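Fold and geometry: a report
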Amino acid sequence: MALDYDLIKAWKFADVRQAYTEKDVILYALGVGLGYDPMDEAQLAYVYEKGLKVFPGMAAVLGYPGFWMQDPKAGIDWVKLVHGEQRMTFHRPFPAAGEVIGRSRVTHVIDKGADKGALVVVERNIHDAADDALLATVQQTTFCRADGGFGTGDAAPEPLPKVPATPPDHVCALPTLPQAALLYRLNADPNPLHVDPQVARNAGYPRPILHGLCTYGVAMHAIIKTLCDYDPNRLLYMNTRFSAPVFPGETLQVEIWPGVSGTVHFQARVAERDIVVLSNGIAGVKQ
Ligand SMILES: CCCCCCC[C@@H](O)CC(=O)SCCNC(=O)CCNC(=O)[C@H](O)C(C)(C)COP(=O)(O)OP(=O)(O)OC[C@H]1O[C@@H](n2cnc3c(N)ncnc32)[C@H](O)[C@@H]1OP(=O)(O)O
């Protein structure tokens, strides 16, 4: 059924106040696969409380309003929705423990047609509760595959650029754990699509698929490892499109093209199936 544009566009989110500890920081990092080599001290810094660093992708699970599209009042066929795109901009490093406030609003509701679906874009600003400083801005596009055809919607945000047609300068292959989705969901995203085989089948998949934001975190690991010497503060922003599902346990091969003035283009493919799963990736890296 087509979604109700006015209802979704005006959706009211309460501010989300969230205290987090070192244990939450470590759980997030483990969920995106950091520490897969426990002898690698650079990775250990994200999963060991001694001198703990916060992996910037953790913005994905801070101040998050929850799976609000599951609310029957939204009228969205939540079983069929998938994560479409993700953009994050980092303004200030996250403390290793603290309290944040997430403030969310719907910025775009886009009709792709009755046969394709609808896009809902939510922007979330994450503030430090101690001084209200802006830590990160997160933009999440949800592809509601069964809710298009409602008529005139908003124009799409600025499209993400294609990667260069030349061979990549760097390729970084990283594993995902077979139980990655079971671990990742403990952070914030309880969508049963990632854990319940029957829900996955109802959505058209042979088995539960990996959270888009887990794949995103693995790709971020590849960029921080390859270009930032594992320094979380050198990543300024990272935007990408989820172009095909990933199954937990698959290997993510991240292809990277450094551009001008710290711009980085990237995409990721599943090595075992040789298909691109993250496309149109662009990131900013401090030199
Ligand atoms: C709080 C609530 C928030 C909830 C957030 C989500 C919760 C999570 O638990 C859910 C997840 O994590 S799901 C896992 C991650 N996501 C995925 O695996 C999706 C992978 N992508 C796909 O399957 C297809 O690209 C698919 C299905 C997305 C599109 O494929 P097609 O239908 O074949 O599309 P196509 O014909 O190629 O293009 C049609 C138009 O849509 C645009 N488009 C394509 N992929 C897009 C994408 N990923 N995001 C945004 N737009 C996209 C195309 O540009 C095209 O537009 P136009 O017609 O204007 O040219």
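Residues numbered from 1 in each chain as written. Predicted model: local features only at pLDDT ≥ 70, side-chain atom pairs only at ≥ 80, totals over all residues. Heavy atoms only, no water.

So, the domain arrangement of the protein chain
- According to the domain assignment, the protein chain consists of domain 1 (5–144) and domain 2 (170–285).
- Across the boundary between the two partners, domain 1 contributes 37 residues, which contact 38 residues of domain 2.
- Of the roughly 3100 Å² buried between domain 1 and domain 2, counting both surfaces, carbon and sulfur atoms make up 66%.
- Contact with domain 2 buries area across many residues of domain 1, yet Val32, Tyr36 and Gln86 alone supply 15% of it, more than any other trio.
- Summed over the shared surface of domain 1 and domain 2, the number is 1 salt bridge.
- Between Arg241 and Glu85 there is a salt bridge, with the nearest N and O atoms lying 2.8 Å from each other.
- Run the count over domain 1 and domain 2 and you get 9 residue pairs in polar contact (both at pLDDT 80 or more).
- Counting residues per element, the side of domain 1 that touches domain 2 draws most heavily on strand 2 (residues 81–90), at 10 residues. (Domains from an automatic or database assignment. Contact = heavy atoms within 4.5 Å. Buried area = accessible area lost by both parts, 1.4 Å probe. Salt bridge = Lys/Arg side-chain N within 4 Å of Asp/Glu carboxyl O. Polar contact = N/O pair within 3.5 Å; in protein donor to acceptor, adjacent residues only side chain to side chain. Helix = DSSP H or I, 4+ residues; strand = E, 2+ residues; numbered from the N terminus.)

Regarding the pairing of strand 9 (residues 263–270)
- With 8 of 8 residues buried, strand 9 is to be regarded as a mostly interior element.
- When strand 8 (residues 251–258) meets strand 9, the two strands line up antiparallel, connected through 7 bridges. Considered in strand 9, the bridge of Val254 is made with Ala268.
- Where strand 8 hands over to strand 9, the hairpin turn is made up of 4 residues, of which Ser261 adopts a positive phi near 50°.
- The pairing of strand 9 with strand 10 (residues 275–285) spans 7 bridges and is classified as antiparallel. Considered in strand 10, the bridge of Arg269 is made with Val276. (Buried < 20%, exposed > 50% of the residue type's maximum accessible area, 1.4 Å probe, protein only. Pairing = 2+ DSSP bridges.)

Description of helix 6 (residues 212–227)
- Taking 1.5 Å per residue as the helical rise, helix 6 with its 16 residues ought to reach 22 Å, and the 22 Å between its terminal C-alpha atoms agrees with that figure.
- Burial analysis of helix 6 places 14 of its 16 residues in the buried class, which makes it a mostly covered element.
- Remark: Asp229 follows helix 6 within two positions and exhibits a positive phi of approximately 50°. (Expected span 1.5 Å × (residues − 1).)

Side note on the UniProt feature "domain: MaoC-like" (unreviewed entry) in the protein chain
- Per the UniProt record, "domain: MaoC-like" (unreviewed entry) is found at residues 163–260.
- The span residues 163–260 is 28% helix and 22% strand, and its two end C-alpha atoms sit 13 Å from each other. (UniProt positions renumbered as here; feature names shortened; annotations may be inferred.)

A closer look at the pattern of salt bridges
- Counting across every chain of the model gives 14 salt bridges.
- Between Lys9 and Asp154 there is a salt bridge; the shortest N-O distance is 3.1 Å. Residue Lys9 is located in helix 1 (residues 5–9), and its partner Asp154 is located in the loop between strand 5 (134–144) and strand 6 (170–175); the two are separated by 145 residues in the primary sequence.
- Salt bridges sharing common partners tie together Asp15, Arg103 and Asp132.

A few points about the side chain of His127
- When you line up the elements, His127 lands in strand 4 (residues 118–128).
- In this view, His127 contacts Glu99, Val100, Ile101, Arg103, Asp132, Ala133, Leu134 and Leu135; residues no more than four positions away in its chain are not counted.

Looking at the UniProt feature "domain: Peroxisomal multifunctional enzyme type 2-like N-terminal" (unreviewed entry) in the protein chain
- Per the UniProt record, "domain: Peroxisomal multifunctional enzyme type 2-like N-terminal" (unreviewed entry) is annotated on residues 19–145.
- Here residues 19–145 runs as 11% helix and 38% strand, with 34 Å between its end C-alpha atoms.

With respect to the nonpolar core
- Ranked by internal contacts, the top residues of the largest apolar core, which has 58 residues, are Phe94, Met220, Leu235 and Met238.
- Top element by residues in this core is helix 6. It accounts for 10 residues.
- Residues lining this core come from more than one domain, with at least three contributed by each of domain 1 (5–144) and domain 2 (170–285).
- Not counting the four nearest positions on each side in its chain, Met220 is found in contact with Phe55, Pro56, Gly57, Met88, Phe90, Leu235 and Met238.
- Among the nonpolar cores identified, the runner-up in size contains 17 residues, and Leu3, Phe67, Ala118 and Cys144 belong to it. (Core = buried A, V, L, I, M, F, W, Y, C linked by side-chain atoms within 4.5 Å.)

A closer look at the layout of surface pockets
- In this structure, the largest pocket encloses a volume near 930 Å³.
- Along the wall of the largest pocket there are 50 residues; nearest its centre are Val82, His83, Gly84, Glu85 and Thr141.
- When grouped by side-chain class, the residues that make up the lining of the largest pocket number 27 nonpolar, 15 polar and 8 charged.
- What the second largest pocket holds in volume is close to 210 Å³.
- Forming the walls of the second largest pocket are 13 residues, and the residues nearest its centre are Phe90, Arg92, Pro93, Pro232 and Asn233.
- Class assignment of the residues belonging to the lining of the second largest pocket gives a composition of 8 nonpolar, 2 polar and 3 charged. (1 Å grid on protein atoms, 1.4 Å probe; cavity = no way out; pocket = protein on both sides within 12 Å on 5 of 7 lines; lining within 4 Å. Points joined across faces, edges and corners; volume = space filled by probe spheres on them. Nonpolar A, V, L, I, M, F, W, Y, C, P; charged D, E, K, R; others polar.)

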